[in-house]
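# Secondary and tertiary structure notes
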Amino acid sequence: MAQDWEIKSRSAACHECRSAFAEGQILISSLVFGPQGYMRDDFCEICWTAKASAVSSYSSWRGTYKTPPPPREEVLKKETAELLLRRLIEQTNETRRNAIFILAVMLERKRILAEKDVRRNADSSITRVYEHRKTGETFVIPDPQLRLDQLEHVQQEIAAMLGGGHKSADQAPDGAQPAPAESEPAEPDEEDEDDDEDEVPLTPDTRNLSSPMLDLKITGCLILDGTGAPAARADIGLRADKIETVGDLARADARVSITAAGKYVCPGFIDAHSHSDASLLVEPSAHSKLYQGITTEVVGNCGASAAPVAGDMSIPSDWKDLPHTGKWRSVAEYRALLEQARPATNVLLLIGHGNLRKAVVGYANRPATAEEARSMKELLARSLDEGGRGLSTGLIYAPGRFASREELIELAGVAAARGGIYCSHMRGEGATLLEAIREAIAIGEGAGIRVQISHLKTAGREHWGLLDAALDLIRAARDKGLKVAADRYTYISSHTDLDFIFPDWVAAGDRDTVLARLRDTAERARLKDDLKQSKPVAYWSTITIASTRHPDNKRFQGVPLVQAAEQLGMDPIDAVIHFARTDGLSTTAFFAGMSEENMFRVLAEPYVMIGTDASARAPTGPLSLDYPHPRAYGTFPRFLRMALDGRSVPLNEAVRKMTSLPAGHFNLTGRGVLAKGMLADVIVFDPVRVRDRADYARPHQLAEGIEHVIVNGVVTMSNSALTGQRAGRLL
């Protein structure tokens, strides 16, 4: 798997623009397979960004350029393992694959080669990529999948070749006469790392993906396999990026062992509703997600995805001020940047309907014309073909709120034709909840597509009684065979842009148009009157200011709206308009209007999975500067704690809701269950310590109790600390 490493460039200039690399300059080294075989080229960051989407890269690495030292003349003292490896590779003889692989392992152990990538090919064979630490030369080595009982024979074969020189490729290992060495012996060099490499230090603990040796095993644990089955005492063994075995591994050898007595092991959690599109480019380590045990995120929700971007589009407020690395317009360009960033979590990208409508129709409050509908479908099709996996809508936000049901059915049909999913932040979660659910189901039925109802809830005390009817609608659709599911976070306050409460006539238009209305005295008066008419007085006491943008408003973060209004000398409605104006429509807020009893009832529904409804955050750095909902840090451990304490569904069912349920509904093949051959997304958690720590007063607090996180076979968190290894993939 690709890792960051100190690149030793094979040239001193970019392969594309030919500009010379400077000491410490960021560069990307790409290994591709072409007509001439494997080729490695080095690129500057600008050229790679432009080229990446058009290159089918076997592997790529990002690092900094280090000026190579002047070459020194080296005289080969004898038939070294390195020379033997080079000769055997040149012969391209299949009978030497075992020896080639073992020689590469030997040279890695002696720190002459460094393993940079491991890939499982389509035919299940394995290929390893090594780099020569001194020269930067790349070696592509097929793994012959040796059995343990074959090792001794290969050791003897190599020892014979090293001891007496080089055998020709068509001679059998035994009975062949060694050829004389081609280099004269020289005086030993005390600084030479190769002074004893004629030894064959191969022992059964050498990494070998196909021998009985495992890359990693976890023992002494209780396994919750993700299917909903009760916990069972067993061990689990990993090899490369797959689960090799589940059972008794007390006598199995492994390169790395984790003892997890008294702990639970389960599949990595899948965040069914995430907004990390942009934050993973800024800080790909995804602290807040990994500390929850999340290994996969479904991003691009609520009609707002990072791509495609066209025209002067506004982006969600919690992305607005992030220091993005690189620019993109298309999904292909965004995907290239994301893969270059190497996120710690796997990512499934939805395409936001809001992006499509902004790009084609703009922010106008009207139906799309036939030509505009065609253009939106073409843009969606292109975006799906470039890496999107479905369509999301945000039907309470502009411009999504202006779309007709017919428009959405047509677009969802484009996603359905490509096996995608339709995810919807519906038009209403309060008074119009039932109508909104009927529409979501109708879109799914009309387009023939799977449906995901985002953050299912009953908002507003006066609407809590709608839950029975809402659940009945979903159950009836499922009974008809429609694939309808939902997600939910484990809190009773929502979090979104403060200005979402503005009526359609205010929300229509781009950001500048809306702000112009708020500056107009007559328009402000009309808005204030509308809000007085549509919202009861008690509503304003349910709102707490969260993130703000203007420096003068920072003091109000975490302050109830009513208190903030008092400090400003305003009534609550005037305070809302004040924040919207001064923050440039970037104020977010918490809305406390849900029933805890209803929350637990929703969480108990068998089709409801878990989602944070939040971007990745971090306690320090650029992702620590806003004021997020505590769900960004605590949703999944909070649900575990609820289950462990008997306040929600049983623990095995809780784990199913966070693993195999979303994996199945989002078609995440090979994930969500601990079983042989499944992809190795695995977590270990302590049932005593696991809990959320973030709250509304201190939201930037990492969760506790998730001890180990493994993503695609790579240990990303060990003993509750990030390892620096990132192995997430765009799914």
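Treat the numbers as computed from the prediction; the structure is a model and nothing was measured.

Further remarks concern the overall build of the protein chain. In terms of regular secondary structure, the protein chain is built from 22 helices and 27 strands. Accessible area of the protein chain: about 29500 Å², with a carbon and sulfur share of 50%.

Turning to the nonpolar core, a few remarks are in order. Counting 71 residues, the largest nonpolar core has Tyr422, Ile437, Ile453 and Phe666 as its most contacted members. Here the element with the most residues in this core is helix α12 (residues 433-447); it accounts for eight residues. Among residues more than four places away in sequence, those in contact with Ile437 are Met426, Ile453, Leu456, Ala470, Leu473 and Ile474. Core analysis: the second largest hydrophobic core is formed by 34 residues, Tyr264, Ala344, Phe636 and Val649 among them.

This brings us to the sheet that holds strand β6 (residues 138-143). Strand order in this open sheet of three strands is β4-β5-β6, and the pairing throughout is antiparallel. The sheet is open, and its two edges are formed by β4 (113-120) and β6, each paired on a single side. Between one strand axis and the next, the sheet turns by 25° as a mean value, whatever way the strands run. Two strands pair when backbone bridges link them, and strand β5 (residues 126-132) and β6 are joined in this way by six bridges, in the antiparallel orientation. Bridge pairing in β6 places Glu131 opposite Thr138. Packing of helix α2 (residues 81-91) onto the sheet brings it into contact with β4, β5 and β6, and relative to β6 it is tilted by some 70°. Sheet strands in contact with helix α3 (residues 97-109) are β4, β5 and β6, and its direction is about 125° off that of β6.

Taken as a whole and assessed by the stated rule, the structure comprises 10 aromatic pairs. Both rings, one in Tyr264 and one in Phe685, keep their centres 5.4 Å apart while their planes meet at 20°; by these two values the pair is stacked. Of the two residues, Tyr264 is situated in strand β11 (residues 264-267) and Phe685 in strand β24 (residues 682-685); the sequence distance between them amounts to 421 residues. Each member of the pair, Tyr264 as well as Phe685, is classed as buried. Plain terms: the ring middles of Phe556 and Phe579 are 5.5 Å apart, the flat faces sit at 80° to each other, and that makes the pair edge-to-face. You can see Phe556 sitting in the loop between β21 (543-545) and α17 (561-568) and its partner Phe579 sitting in helix α18 (residues 572-582), a full 23 residues away along the chain. We note Arg488 situated over the ring of Tyr489; from NZ or CZ to the ring centre the distance is 5.6 Å.

The buried fraction of β5 amounts to seven of the seven residues, a majority that puts the element mostly inside the structure. Side chains of β5 alternate between two faces, with Ile126, Arg128, Tyr130 and His132 and Thr127, Val129 and Glu131 buried alike. The pairing of β4 with β5 spans seven bridges and is antiparallel. Along β5, the bridge assignment pairs Glu115 with Tyr130.

The next subject is the sheet that holds strand β13 (residues 294-299). Taken in spatial order, the three strands of this open sheet run β12-β13-β14, and their pairing is parallel. Strands with a single pairing partner mark the edges of an open sheet, and in this sheet they are β12 (269-271) and β14 (346-349). On average, each strand axis in the sheet is inclined to that of its neighbour by 20°, with strand direction left out of account. Pairing analysis gives four bridges linking β13 to β14, with the strands arranged parallel. Pairing of Thr296 across the sheet is with Asn346, part of β14.

Turning to α18, a few remarks are in order. Residues of α18 that are buried include every one of Ile573, Ala575, Val576, Ile577, His578, Phe579 and Ala580, and no others. Buried-residue contacts for α18 involve α15 (511-519), α16 (521-534), β21 and α17. The backbone nitrogen of Ile573 has a side-chain oxygen 3.2 Å away, supplied by the residue at the start of α18, namely Asp571. Phi turns positive, to about 60°, at Gly584, one or two residues after α18.

Assignment of secondary structure puts Thr135 in the loop between β5 and β6. Each C-alpha atom, one on Thr135 and one on Leu113, is 9.9 Å from the other, the two residues being 22 residues apart in sequence.

Here we take up the pairing of strand β19 (residues 484-488). Among the five residues in β19, five count as buried, and that is most of the element. The side-chain alternation of β19 yields two buried faces, one formed by Val484, Ala486 and Arg488 and the other by Ala485 and Asp487. Pairing geometry for strand β18 (residues 450-453) and β19, over three bridges, is parallel. Paired with Val451 across the two strands is Val484, which belongs to β19.

Residues with a pLDDT of 70 or more make up 86% of the protein chain, whose mean pLDDT is 86. Confidence over residues 73-78 falls short of pLDDT 50; this stretch has 14 contacts with residues more than four positions distant or in other chains.

It is worth spelling out the packing of α15 against α16 at this point. Where α15 contacts α16, the two axes come as close as 5 Å, and the packing angle between them is 90°. The orientation of α15 with respect to α16, classified from their angle, is roughly perpendicular. In this structure, α15 contributes Arg517, Leu518 and Arg519 to the contact, and α16 contributes Thr521, Glu523, Arg524 and Leu527. Split into classes, the residues belonging to the contact of α15 with α16 amount to two nonpolar, one polar and four charged.

Here the structure, examined in full by the defined rule, presents 38 salt bridges. Close ionic contact of Lys263 with Glu707 constitutes a salt bridge, the shortest N to O distance being 3.0 Å. Of the two residues, Lys263 sits in the loop between β10 (254-259) and β11 while Glu707 sits in strand β25 (residues 706-711), which places them 444 residues apart along the sequence. With a relative accessible area of 18%, Lys263 lands in the buried category. One salt bridge connects Lys377 with Glu410, and the closest N-O pair in it is separated by 2.9 Å. Pair noted here: Lys377 is in helix α10 (residues 370-385) and Glu410 is in helix α11 (residues 405-417), with a separation of 33 residues, a long-range link. A residue is classified by how much of its surface remains accessible, and Lys377, at 28% relative accessible area, is partly exposed. Here the salt bridges do not stand alone but share partners, grouping Glu82, Arg86 and Glu137 into one network.

In this model, Ala307 is joined to Pro308 through a cis peptide bond whose omega is 0°. Within the secondary structure layout, Pro308 lies in the loop between β13 and α7 (317-320). The linkage connecting Ala398 with the following residue, Pro399, adopts the cis geometry, with an omega of 0°. Within the secondary structure, Pro399 sits in the loop between β16 (390-394) and α11. Even without a glycine there, the phi angle at Ala240 is positive, about 55°. Structurally, Ala240 is set in the loop between β8 (232-239) and β9 (242-247). On the basis of relative accessible area, Ala240 is assigned to the buried category, the value being 10%.

Parameters at a glance
- Residues numbered from 1 in each chain as written.
- Predicted model: local features only at pLDDT ≥ 70, side-chain atom pairs only at ≥ 80, totals over all residues.
- Heavy atoms only, no water.
- Helix = DSSP H or I, 4+ residues; strand = E, 2+ residues; numbered from the N terminus.
- Areas by Shrake-Rupley, 256 points an atom, 1.4 Å probe, with all protein chains shown as cover.
- Core = buried A, V, L, I, M, F, W, Y, C linked by side-chain atoms within 4.5 Å.
- Buried < 20%, exposed > 50% of the residue type's maximum accessible area, 1.4 Å probe, protein only.
- Contact = heavy atoms within 4.5 Å.
- Pairing = 2+ DSSP bridges.
- Axes fitted to C-alpha atoms, helices over the stretch in contact; angles between N-to-C directions.
- Phe/Tyr/Trp six-rings, centres within 6.5 Å; stacked < 30°, edge-to-face > 60°.
- Lys NZ or Arg CZ within 6 Å of the ring centre and 35° of its normal.
- Polar contact = N/O pair within 3.5 Å; in protein donor to acceptor, adjacent residues only side chain to side chain.
- pLDDT = per-residue confidence, 0-100.
- Parallel < 35°, antiparallel > 145°, perpendicular 65-115°, else oblique.
- Nonpolar A, V, L, I, M, F, W, Y, C, P; charged D, E, K, R; others polar.
- Salt bridge = Lys/Arg side-chain N within 4 Å of Asp/Glu carboxyl O.

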